[in-house]
Amino acid sequence: MTARVAPSVDAADALLTAEEFLRLPPTEGREELHDGVVVEMPPPSPGHGALQSRLARRLGNWCEAAGLPEPLGEMACRLAPRRVVGPDLSWLRPGPRREVALQRSALAGAPDLAVELVSPGNAPARAGHAIDAPVGERPASTTPKARRVRHRLMGPFRRAPA
């Protein structure tokens, strides 16, 4: 993983806020903001992409059968003033927070469910970036070769009214 920080005379001035990071022009690769530092994320492997797709499909099928909104996939989540991450798979319960999030460039806070896949090439620190975020809940995590997912659900899920 390679960190890229804007040049500055004072190191404290080089740290970006979440708002500054979200205003940066798009790049070809995936980037996150970790404690004010822009971190370039390595491209996912084909195995990572296949597992991400399979999990999204299965969660989407379950949501549809339960009358719940579909998963959102990767999305920017502003977790703290200097932290923006993008879990591999996200889900928000129905309601105003979901509707507002769909209209913005980043979700304020953590999604109701976040899944971060841990590829074999990822450093352990990368796998825990969202877990260490000061939001109080842990996302689900798995590996492409795993047969199970470690998770912690964030609140009760109910069937949407018909």
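Predicted, not measured: the structure shown is a model, and the values here were computed from it.

Chemist: What's the story with the confidence of the model for the protein chain in this structure? I'm lost.
Modeler: Low pLDDT marks stretches whose predicted atomic positions should not be read closely. Considering every residue of the protein chain, the mean pLDDT works out to 76; 65% of them sit at 70 or more. The low-confidence segment residues 124–139, where pLDDT is below 50, has 29 contacts with residues more than four positions distant or belonging to other chains. Low pLDDT, under 50, characterises residues 147–162; the predicted model gives this stretch 31 contacts beyond four residues in sequence or across chains.

Chemist: Would you take a moment to explain the pattern of salt bridges for this structure?
Modeler: Pairing of side chains with opposite charge becomes possible as their charged atoms draw close. For the structure on display, the rule yields six salt bridges. We note a salt bridge from Arg30 to Glu74, for which the minimum N-O separation is 3.0 Å. On the criterion of sequence distance, the pair formed by Arg30 in strand 2 (residues 30–34) and Glu74 in the loop between helix 3 (46–66) and strand 4 (77–80) is long-range, its members being 44 residues apart. Looking at Arg30, the relative accessible area reads 26%, which means it is partly exposed. Salt-bridge contacts for Arg93 lead to Asp112; the nearest nitrogen and oxygen are separated by 3.3 Å.

Chemist: Can you walk me through the pairing of strand 2 in this structure?
Modeler: Sheet faces and side chains relate simply in a regular strand, where the side chains alternate between the two faces. For strand 2, the tally of buried residues reaches four of five residues, placing the bulk of the element in the interior. Joining the antiparallel neighbours strand 2 and strand 3 (residues 37–41) is a turn of two residues, in which Asp35 adopts a positive phi near 55 degrees.

Rules and cut-offs
- Residues numbered from 1 in each chain as written.
- Predicted model: local features only at pLDDT ≥ 70, side-chain atom pairs only at ≥ 80, totals over all residues.
- Heavy atoms only, no water.
- pLDDT = per-residue confidence, 0-100.
- Contact = heavy atoms within 4.5 Å.
- Salt bridge = Lys/Arg side-chain N within 4 Å of Asp/Glu carboxyl O.
- Helix = DSSP H or I, 4+ residues; strand = E, 2+ residues; numbered from the N terminus.
- Buried < 20%, exposed > 50% of the residue type's maximum accessible area, 1.4 Å probe, protein only.
- Pairing = 2+ DSSP bridges.

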